[in-house]
Amino acid sequence: MTEKEAIEALFDYRKNPYTIEASVCTFAEVYEMWSKKKFPTVSKIAQAGYSAAFKKSATLHNMKMRDIRSKEYEGIMMNIEGGHQVQVKLKTLWGQMNKYAMEHDIIQKDYSEFVSTRDKAPETKRTAIAKEDIQKLWEAIDNGNDTAEIAMIYIYTGLRATELLEVTKDKINLDERIMIAGKKTEAGRDRIVPIHRAILPFIEKRMEGESEMLITGKRSGRVIYKTFADRWEALMEQLGMSYTIHYTRHTFATLLREAGVEEDVRKLLIGHKSSDITDRYTHHSQETLVNAIDKLDGR
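Please read these numbers as outputs of a predicted model, since none were measured by experiment.

A. Here's a closer look at the nonpolar core. Ranked by size, the top nonpolar core spans 57 residues in total, and within it Met152, Leu164 and Met179 carry the most contacts. Tallying contributions element by element places helix H7 (residues 146-157) first for this core, with eight residues. Beyond its immediate sequence surroundings of up to four residues, Leu164 is in contact with Ile150, Ile153, Tyr154, Leu159, Leu214 and Ile215.

Structure follows, in structure tokens:
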């Protein structure tokens, strides 16, 4: 190599300091390279999740990637504080980092794939959110948590995750306390959804602004499910819960049943087919639905 080539190589290295000898790359260095590529493509909440998993992998930070084996990953997994979700985040981070390292010839094999989470995944049996946890959501709302407000809208409307995210403001009548929402099934499509007084302030607040959507993102645009799911997961982690968004729909059904709402009216509110009540809503049936939703306790 000539002197000129050596100088050019040095300048290239200084501009891109991560072109170091692959064999000496540490876990922390690979994380820095990987995150610079990954983070611009994911939400801030997802970034925070990866950062937390990286911190929990502290014993690996100064190890060379080529020297890390299954036992090192398993040692962290077996001793980490946190439930199944925390363990899944660790495994996800390791897998993505190892994939990146393999693509750049830093390692030849992903040893993290041989490591299992310590705890089993929680059962997906449908159940209602516990009343004490609903109270935690109200407390989070008092502390200004916007996602907790949306969670409460889900709980008091029974809308599916994507159904609420697709509601436009022109489908909402605040005076009559109703919105038109729903899709998925014929019985549930474009149905009348009464607005409980407990969530009316949250709806009113979201009616302000220029966006056509009721639920918006940081730039006041439509929120896709994946983005909101990140927000939901962050809320659950903050409050120490492990419910999925679908729990809110089952909670709604449980609240209706406990309030003594008739089965046929419950079916209309949830968007299930009823053989006894026509799906052509009259003013009387709309009033019936609003009266039914008011049977639910507020805060």
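B. A look at the sheet that holds strand E2 (residues 178-181). One open sheet holds the three strands; their spatial order is E1-E2-E3, and the pairing between them is antiparallel. Both outer strands of the open sheet, strand E1 (172-173) and strand E3 (191-194), are each paired with one neighbouring strand and no more. Pairing between E1 and E2: two bridges, direction antiparallel. The residue bridging Ile172 from the neighbouring strand is Met179, located in E2.

C. Representation of the packing of helix H6 (residues 131-142) against H7. Running from amino to carboxyl end, H6 crosses H7 at an angle of 140°, the nearest separation of the two axes being 8 Å. The pairing of H6 with H7 is recorded here as oblique in orientation. For the crossing formed where H6 meets H7, the hand is left-handed. Where H6 abuts H7, its residues Ile134, Leu137, Trp138, Ala140 and Ile141 lie against Ala148, Glu149, Ala151, Met152, Ile155 and Tyr156. Classifying every residue of the contact of H6 with H7 by side-chain character gives ten nonpolar, no polar and one charged.

D. Broad picture of the environment of Leu159. Relative to the elements of secondary structure, Leu159 occurs in the loop between H7 and helix H8 (161-165). Taking C-alpha positions, Leu159 is 7.0 Å from Gly182, a pair spaced 23 residues apart along the chain. Setting aside chain neighbours within four positions, we find Leu159 in contact with Tyr154, Leu164, Val167, Met179, Ala181, Gly182, Arg191 and Val193.

E. Geometry of the pattern of salt bridges. On inspection of all chains with the given rule, the structure shows 16 salt bridges. The residue Glu233 makes a salt bridge to Lys89 at a minimum N-O spacing of 3.5 Å. Here Glu233, found in helix H10 (residues 225-239), pairs with Lys89, found in helix H5 (residues 84-103); they are 144 residues apart in sequence, far enough to count as distant. Overall, the relative accessible area of 31% leaves Glu233 in the partly exposed class. When the shortest N-O distance is used, the salt bridge between Asp146 and Arg231 registers 2.9 Å. Taken together, the positions of Asp146 in helix H7 and Arg231 in helix H10 put the pair 85 residues apart, joining distant regions of the chain. Among the residues examined, Arg231 registers a relative accessible area of 16% and is labelled buried.

F. Structural view of the pairing of E2. Counting the residues between successive antiparallel strands, the hairpin from E1 to E2 contains four residues, one of them, Arg177, with a positive phi of roughly 55°. One ladder, built from four bridges, connects E2 with E3; its direction is antiparallel. By the bridge assignment, Ala181 is partnered in E3 with Arg191.

G. Examining the environment of Val167 more closely. Inspection of the secondary structure assignment puts Val167 in the loop between H8 and E1. Among the residues examined, Val167 registers a relative accessible area of 3% and is labelled buried. In this structure the C-alpha to C-alpha distance between Val167 and Met213, which are 46 residues apart in sequence, comes to 6.2 Å. Excluding anything up to four places from it in sequence, Val167 contacts Leu159, Ile172, Met179, Ala181, Met213 and Leu214.

H. Representation of helix H12 (residues 263-270) in the model. For H12, the full list of buried residues reads Val265, Leu268, Leu269 and Ile270. Gly271 sits one or two residues past H12 and shows a positive phi near 95°.

Basis of the calculations
- Residues numbered from 1 in each chain as written.
- Predicted model: local features only at pLDDT ≥ 70, side-chain atom pairs only at ≥ 80, totals over all residues.
- Heavy atoms only, no water.
- Core = buried A, V, L, I, M, F, W, Y, C linked by side-chain atoms within 4.5 Å.
- Buried < 20%, exposed > 50% of the residue type's maximum accessible area, 1.4 Å probe, protein only.
- Helix = DSSP H or I, 4+ residues; strand = E, 2+ residues; numbered from the N terminus.
- Contact = heavy atoms within 4.5 Å.
- Pairing = 2+ DSSP bridges.
- Axes fitted to C-alpha atoms, helices over the stretch in contact; angles between N-to-C directions.
- Parallel < 35°, antiparallel > 145°, perpendicular 65-115°, else oblique.
- Left-handed = near helix turned anticlockwise from the far one by under 90°.
- Nonpolar A, V, L, I, M, F, W, Y, C, P; charged D, E, K, R; others polar.
- Salt bridge = Lys/Arg side-chain N within 4 Å of Asp/Glu carboxyl O.

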